[in-house]
Amino acid sequence: MDTGWIVSLIVAGVLVVLILAIVFPMERKHVVRENGKINYKKTKIFLRWNVFDTLTLCLAIYSIICIQILNVLVTNGKTVENVYVQFFTNQSQVWTLISIMYLITRVTNTLKAIKERWGDEID
């Protein structure tokens, strides 16, 4: 592994630790669990914008910026042996994947909360 990959892994690790430091306390405080399962009827956090949504939006913007910088580097003839190309390639992949995974999870939880609260009344 070259320097760009290693630095990118360190940056990704630090960001993941910061994200988890925000998520776990928020989940413990706002998600209502009964018998180990989420009670979507009592949990209100899935139906409104929260800190984690803002954080995910920032990560999505960060990944777009990384992709654009990577595009400029490749357009200017840099190859994968360039440290910056390595860094931005890894960052783009990691945060795009995490943003998509969160989007799918968020939509799923929101739909479950809507169905639990209002059931089949919405047609």
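Residues numbered from 1 in each chain as written. Predicted model: local features only at pLDDT ≥ 70, side-chain atom pairs only at ≥ 80, totals over all residues. Heavy atoms only, no water.

(A) Up close: the packing of helix α1 (residues 3-30) against helix α3 (residues 83-118). Orientation of α1 relative to α3, taken along the N-to-C sense of each, is 35 degrees, at an axis distance of 7 Å. Here α1 and α3 pass one another in a crossing that is right-handed. Judged by residue contacts, Thr3, Gly4, Trp5, Val7, Ser8, Leu9, Val11, Ala12, Leu15, Val16 and Ile19 of α1 engage Val83, Gln86, Phe87, Thr89, Asn90, Gln91, Val94 and Trp95 from α3. Along the lines of polarity and charge, the residues of the contact of α1 with α3 split into twelve nonpolar, seven polar and no charged. (Axes fitted to C-alpha atoms, helices over the stretch in contact; angles between N-to-C directions. Helix = DSSP H or I, 4+ residues; strand = E, 2+ residues; numbered from the N terminus. Left-handed = near helix turned anticlockwise from the far one by under 90°. Contact = heavy atoms within 4.5 Å. Nonpolar A, V, L, I, M, F, W, Y, C, P; charged D, E, K, R; others polar.)

(B) Region of the structure containing the side chain of serine 99. For serine 99, the position within the fold is in helix α3. Among residues more than four places away in sequence, those in contact with serine 99 are Thr56, Leu59 and Ala60.

(C) Local environment of α1. Its 28 residues give α1 an end-to-end C-alpha distance of 41 Å, which sits within 8% of 40 Å, the value for a rise of 1.5 Å per residue. For α1, every residue scored as buried is listed here: Gly4, Ser8, Ala12, Ile19, Val23 and Met26. Tucked into the core, α1 has its buried residues touching α2 (51-75) and α3. (Expected span 1.5 Å × (residues − 1). Buried < 20%, exposed > 50% of the residue type's maximum accessible area, 1.4 Å probe, protein only.)

(D) Structural view of the pattern of salt bridges. All told, the structure shown has three salt bridges when counted by the stated rule. Glutamate 27 is the salt-bridge partner of arginine 33, the closest N and O atoms lying 2.5 Å from each other. Take glutamate 27: its relative accessible area is 32%, and that puts it in the partly exposed class. For glutamate 34, the salt bridge goes to lysine 42, with nearest N and O atoms at 2.7 Å. Looking at glutamate 34, the relative accessible area reads 36%, which means it is partly exposed. (Salt bridge = Lys/Arg side-chain N within 4 Å of Asp/Glu carboxyl O.)

(E) Inspection of the state of the cysteines at higher detail. Considering all chains together, one arrives at zero disulfides under this definition. In this structure cysteine 58 is not part of a disulfide, and its nearest cysteine sulfur, from cysteine 66, lies 13 Å away. (Disulfide = S-S within 2.5 Å.)

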